[in-house]
Amino acid sequence: MRLASTRVADARKYTLGRVFDDVDKARHYAASIKQYVLDNLAPLLTQFEDNCRANGITVHWASTAEEARKIILQLCRENSDPGATIVKGKSMATEEIHLNPTLVEAGFDVVETDLGEFVVQIDGDTPSHIVAPIIHKSRIQVAQSFQREKLGPYSEVPETLAMQAREHLRTKFQQASIGISGVNFGIAESGRIVIVENEGNNRLSTTTPKVHIALMGIEKILPRESDLPLFLRLLAGSATGQKLTVYTHLIHGPRCPEEIDGPDQIHLVMLDNGRTRVLNGPYREILRCIRCGACLNSCPVYRHSSGHAYGHVYSGPVGAVLAPAMEGVEAMGELAKASTLCGSCEEVCPVAIPIPAMLLRLRNEATAAGSTNSGIPWQVVASLAKNDRLWRAALILLPLATKLPSPWSKVRSNPERVGRDFRRWFRGRP
Amino acid sequence: MLTCLCDAFFGEVGIATVKVLEHAGCKVEFDERQTCCGQPPFNSGDWESARKMAAHAIEVLDGEHPIVTPSGSCAAMFREGYHMVGGLEMKTKVYELCEFLHQVVKVKEWPTMPSPRRVGFHRSCHGRMLGTGDTQERILSLVGNLTVVLIGDSDQCCGFGGAFSISHSATSRHIGLSKIDQLVKSGISEVVSGDMGCLMHLDGLAKKEGIPLKFTHIAEVLASAL
Amino acid sequence: MPPKDIRSLWQEFETNLSILGGRVVSWTDLSKIEGRRWCVDFRVGELPLECGLYETTDPWTADVGITFGQLAVAETGTILISHESADRRLASLAPPLHIAIVRDEDIVQALEEAIDRLKPCNSVLITGPSRTADIEGELVRGVHGPKEIWIVVNRT
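Residues numbered from 1 in each chain as written. Chains lettered and ligands numbered in written order. Predicted model: local features only at pLDDT ≥ 70, side-chain atom pairs only at ≥ 80, totals over all residues.

## A short note on the overall build of chain A
The helix and strand inventory of chain A stands at 22 helices and 10 strands. Seen through its C-alpha atoms, chain A measures out along the principal axes to roughly 95 × 55 × 45 Å. For chain A, buried positions account for 54% of its 430 residues. Long-range pairs, those at least 24 residues apart, make up 73% of the contacts in chain A with a sequence separation of at least 6. (Helix = DSSP H or I, 4+ residues; strand = E, 2+ residues; numbered from the N terminus. Buried ≥ 20, exposed ≤ 12 C-beta atoms within 10 Å, placed from the backbone. Contact = placed C-beta atoms within 7 Å.)

## Considerations on the environment of A55 of chain B
Inspection of the secondary structure assignment puts A55 of chain B in helix 4 (residues 47–61). By C-beta crowding, A55 of chain B is classed as partly exposed, having 17 other C-beta atoms within 10 Å.

## Looking at the domain arrangement of chain A
Taken domain by domain, chain A comprises domain 1 (1–39 + 290–374), domain 2 (40–273) and domain 3 (380–425). One C-alpha centre belongs to domain 1 of chain A, the other to domain 3 of chain A; they are set 34 Å apart. (Domains from an automatic or database assignment.)

## What to know about the interface of chain C and chain A
With 36 residues of chain C at the interface, the matching set in chain A holds 43 residues. Only helix 3 (111–116), strand 9 (123–126) and strand 10 (131–132) of chain C provide two or more residues apiece to the side of chain C that touches chain A. Looking at the side of chain C that touches chain A, the element that brings in the most residues is strand 9 of chain C, giving four residues.

## Re the environment of H65 of chain B
All names here are of chain B. Along the polypeptide, H65 turns up in the loop between helix 4 and strand 1 (67–69). On the basis of neighbour counts, which here come to 12 C-beta atoms within 10 Å, the residue H65 falls in the exposed class. The spatial distance from the C-alpha of H65 to the C-alpha of L226 is 25 Å, given a sequence separation of 161 residues.

## Side note on the interface of chain A and chain B
With 49 residues of chain A at the interface, the matching set in chain B holds 52 residues. Of all the secondary structure elements, the ones that give two or more residues to the side of chain A that touches chain B are helix 14 (300–304), helix 18 (355–368), helix 19 (378–385), helix 20 (388–401), helix 21 (407–411) and helix 22 (422–427) of chain A. Among the elements that take part in the side of chain A that touches chain B, helix 18 of chain A stands out by supplying six residues, more than any other. The residue makeup of the side of chain A that touches chain B, split by class, is 25 nonpolar, 13 polar and 11 charged. (Nonpolar A, V, L, I, M, F, W, Y, C, P; charged D, E, K, R; others polar.)

## Some words on the sheet that holds strand 10 (residues 265–271) of chain A
All names here are of chain A. Pairing is parallel in the open sheet, where six strands are placed in the order 1-10-7-4-2-3. Two strands in the sheet have a free side with no partner beyond their single neighbour: strand 1 (57–62) and strand 3 (109–112). Sheet twist, expressed as the mean angle between neighbouring strand axes with direction ignored, is 20 degrees. This element, helix 9 (residues 158–175), spans strand 2 (85–88) and strand 3 of the sheet and lies at about 115 degrees to strand 2. (Pairing = 2+ DSSP bridges. Axes fitted to C-alpha atoms, helices over the stretch in contact; angles between N-to-C directions.)

## What about the packing of helix 8 (residues 139–148) of chain A against helix 9 of chain A?
Residue and element names in this part refer to chain A. One can describe the packing of helix 8 onto helix 9 by two numbers: an axis separation of 11 Å at closest approach and a directional angle of 35 degrees. In the crossing of helix 8 with helix 9, the sense of the turn from one axis to the other is left-handed. Contacts between helix 8 and helix 9 involve R139, V142, A143 and F146 from the former and P158, L161 and Q164 from the latter. Of the residues assigned to the contact of helix 8 with helix 9, the class counts are five nonpolar, one polar and one charged. (Left-handed = near helix turned anticlockwise from the far one by under 90°.)

## Here we look at the sheet that holds strand 6 (residues 214–217) of chain B
Residues and elements named next belong to chain B. Spatially, 4-3-5-6 is the arrangement adopted by the four strands of the open sheet, whose pairing is parallel. Each of the sheet's edge strands pairs with one partner strand only, and the pair in question is strand 4 (144–150) and strand 6. Strand-to-strand twist in this sheet, taken as the mean axis angle between neighbours without regard to direction, amounts to 40 degrees. Two strands pair when backbone bridges link them, and strand 3 (residues 112–122) and strand 5 (residues 190–193) are joined in this way by three bridges, in the parallel orientation. Following the sheet pairing, G120 is matched in strand 5 by V191. Sitting on the sheet, helix 11 (residues 196–209) is in contact with strand 3, strand 5 and strand 6, with an inclination near 170 degrees to strand 6.

## Observations concerning helix 18 of chain A
Three- or four-residue spacings in an α-helix give side chains the same orientation, since the helix completes a turn every 3.6 residues. Residues and elements named next belong to chain A. A rise of 1.5 Å per residue sets the reference length of helix 18, with its 14 residues, at 20 Å; its end C-alpha atoms lie 20 Å apart and thus fit the reference within 8%. Burial runs high along helix 18: 12 of the 14 residues are buried. Within the span of helix 18, buried status applies to I355, P356, A357, M358, L359, L360, L362, R363, N364, E365, A366 and T367. Phi turns positive one or two residues past the end of helix 18, at G370, with a value near 75 degrees. (Expected span 1.5 Å × (residues − 1).)

## Considering the confidence of the model for chain C
Chain-level statistics for chain C give a pLDDT mean of 85 and a share of 82% at 70 or above. The complex prediction reports pTM at 0.92, with the ipTM value standing at 0.93. (pLDDT = per-residue confidence, 0-100.)

Here's what the structure looks like:
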């Protein structure tokens, strides 16, 4: 998995370097646009909603995950028969609100259509990466899963496996009454919904069924259509090292009477689920995130553990901030410690989010709230530090203290005093 | 600024730093009252304790002369950390050693090693964040008879991360061993870096695994040519 | 725009599309496709296409889908399709081969210019054939969308 992350990280550097004359300038310009959105979110959302409505899209608002599930379930019930097929495009927002179990319990045949998400679904697993959901699985594992589900004769060749999935899912696309997707960007000035993808399953999911339900985090707004090219390039380049994703849907509204295909209805569910709270707090910049996954690919901690180790739908550096920011440090503050603060994430982030600084702030918030403990009595250390003689005495004892077993000594040998003592040497000079 | 790590364990690095600065033509003062910049509690999240330690450091060190320290992470604490914690005003600038030699003293040459030496280089993350670019490599390149090998990933984190090395010691070890693996594969037997945190962590891992790699601080390398 | 510029734009377009596995073909190439079922956008049916294809209105069983493209973007090898009036969206999506007909003069260099020309209707930017690298990072084309995409430059 480490190799896969490294490969994508390299592809990102190569492509962005060729697409932009000055990658940093592009990132910071994108950051300023996203910051503008956050600073003017309410009026932009109003503008966006008005335009969506004018285009024939029905807009719903959900403050919590539960509300969002309720709304979507209701829409599904109203627009299909019991047991109907629902096809889904890849969407982190739908994972965030844990949508699938609700729909499955209500008797719907929910089908993930993105190849990686499809594998995750048939395995009863969870995705381990924002962009590459089965980066943790081998072809053999996928082959075994497909054989188990009787999708075709056993094969470990990715192309064969992909074609087996394609055949299976094509039937589902044709049967489906409802298509559910996420949204990458919502353009305020035109009410356009933008969805990017490489496979084509999102296009199919949002074209063949009669009803399209789109779930969108309220922060996913862009002010103008002219902002799109920059973000499309940054997203594709940062996520997969591509110049552009294969498909960029620019959805305007449901189909007009003369159109032969397309959904009759589009329902847009705007999701808050803690975003407003984050917006009004000290970690608001994390809402600039465009879900490219570049931070995950560059993070030494992520590369050496995996998305599942974070225990949250959003993993990696972005998750380490987003999870506690949305759910509180009491619940998720420990994630902020899962970082060496090396700064690679901030360096690769297409919208220049200052993740390390936010992680430090989260650590402080958790400490002040008493919800975390580093195991070292810093207040005592701080009092010692004010008096250099006490400090020196403590330092002499330190090498002795390290002889005791500790998390340090379990994996490393302890540091030892080597050579001369500096102070004595300095004092002893002529 | 000596740094608490050098104060506790690595006096030789402090000594080397003074010798290097004096060779570069500086008069070096050391205020005995200094203790710690406050980075460890800051990193852990106890900003109250960090503020107390920082206040003391400012009281002792702030003055008319620039401050030099053989640590990118200490310098970063003074320059960025204090700003984040708030309420801490430091007028004097704190420089990491090579940064100072390059930007202020503008060192253009350095003596030659007594015998040829080949070392690998690891750039600490704080060193990167100070925005000093390849300053450390430049200074090292001035030393005669010294070959500095940049391993492909010399910019990648070593896995120390301060509190992280203890709170997530298994992952910290994993990351560090991966780095050591690369170093060993490049045929290097000695590694140079500008931060004792990184060196202490990598050295500790290597010793535990029985890998014969030597870890040296930049100041010591520079001093050994004098 | 002097013809020379358009030619170099199409050159750039072709280079970028080929890297992704797409092709720029001529009308004569089309006439060589024999015995395959095609499914078209309504308006395409009005073009005097001389080829060995026979028509179907079912995009799911068609071998080829033919549509118009509003314009081509040289920078990335992208085409913009705007679904106006009686267009059939699935023609560019369901069949394994998608052929898009773009007028010679409808080419721009940069993505910005394409976005500038967006119409107030459902549209899609298509950059090469459908692809995935979900399984062990190995590239597979034609997972859901077309495996092949051909562009015909319509010079009348």
